[in-house]
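Here are the chains, one letter per residue:
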Amino acid sequence: MAPVTTLTKETSARMFGGESTFFTHRSEACDCDMTFSVFLPPLARDADRPVLYWLSGLTCTAENFTVKAGAQRYAAQHGLILVAPDTSPRGGDVANDEGYDLGQGAGFYVNATNDPWAAHFHMYDYIVDELSEAVAANFPANMARQGIFGHSMGGHGALTLALKNPGRYSSVSAFAPIVAPTQCPWGEKALGAYLGDDRAAWEAHDATCLVADAEERLPILIDQGSADDFLEEQLKPQLFASACNKARHPLELRMQEGYDHSYYFIASFIEDHIRHHAGALNR
């Protein structure tokens, strides 16, 4: 795959002494145009800075986190570049589903092998390889210092990408992640559609399965709201906590009383997560 070097700048805004910009580009991995946002902190004017990727949840675009989370204030303070990609390929020729939890807006950060999804839904390759190549080629980024975090489906993505790529990421965290997609309706629907009936292929994208044999012991921070409507049926953080405990993998799981699944929840604790990543990325 050739490195991405050509980005089209869409919109830009000054924030906290830095700049937040949306870009589009042609993705070879997804065979369509993709969108992502980048926040460059003030310190990026003088030196290469660590990169922190945010992976959003179901139905989101690159815009949700960029506009709602309030992360740029803290990224500016700690000198981190923030990168927020879209959650899936999109377009008129890209397969879709009537449900919000499959198809466009619901890429699940895997490489689909089943039709009709296999033509475009290669979000794993897009995030791990193509997007990082675009960042390295176009921004003052220290690619030896990369972190990753996300929300819900994106929390699933952050955990699994970090666990599956030891040495690539220096930090990882999540808000209300889907930690066991092989054991919840969202995951069973998406992984079955994208990867077929082979449950071993599903387990290769399940953080609760992966942590048992993790080659690297990156400390994990998870925040989960106690009033989250999806807590019991879809999220099941206790399964991941049990797996981490058994594997002796460092995990801080914080149950936040009264908080739901929304960006109100994310904005309330985003400073803690930025600080968690900065501690590793600026070391």
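Attention here is on the structure that accompanies the text. (Residues numbered from 1 in each chain as written. Predicted model: local features only at pLDDT ≥ 70, side-chain atom pairs only at ≥ 80, totals over all residues. Heavy atoms only, no water.)

Brief notes about the pattern of salt bridges
This structure, assessed with the given rule, holds ten salt bridges. Here Asp-129 makes a salt bridge to Arg-168, at a shortest N to O gap of 3.7 Å. Of the two residues, Asp-129 sits in helix H3 (residues 123-138) while Arg-168 sits in the loop between helix H4 (153-164) and strand E7 (171-175), which places them 39 residues apart along the sequence. Among the ionic contacts, a cluster of salt bridges with common partners joins Asp-223, Arg-254, Glu-271, Asp-272 and Arg-275. (Salt bridge = Lys/Arg side-chain N within 4 Å of Asp/Glu carboxyl O. Helix = DSSP H or I, 4+ residues; strand = E, 2+ residues; numbered from the N terminus.)

A word on the sheet that holds strand E2 (residues 18-27)
With mixed pairing, nine strands are arranged side by side in an open sheet as E1-E2-E3-E5-E4-E6-E7-E8-E9. Edge strands, defined here as strands with exactly one partner in the open sheet, are strand E1 (8-15) and strand E9 (251-256). Each adjacent strand pair in this sheet contributes to an overall mean axis angle of 20°, direction not counted. The pairing of E1 with E2 spans seven bridges and is classified as antiparallel. Across the sheet, residue Lys-9 finds its bridge partner in E2, namely Phe-23. The strands that helix H10 (residues 263-281) touches are strand E4 (49-55), strand E5 (81-85), strand E6 (141-151), E7, strand E8 (220-225) and E9; relative to E7, the one it contacts most, it runs at about 170°. (Pairing = 2+ DSSP bridges. Axes fitted to C-alpha atoms, helices over the stretch in contact; angles between N-to-C directions. Contact = heavy atoms within 4.5 Å.)

A look at the pairing of E6
With six bridges connecting them, E4 and E6 associate as parallel partners. Note on E6: the bridge partner recorded for Leu-52 is Gly-147. With five bridges connecting them, E6 and E7 associate as parallel partners. Bridge pairing in E7 links Gly-150 to Ala-174. Read from E6 through H4 to E7, the crossover connection turns out right-handed. (Right-handed = clockwise from strand over helix to strand, strands pointing away.)

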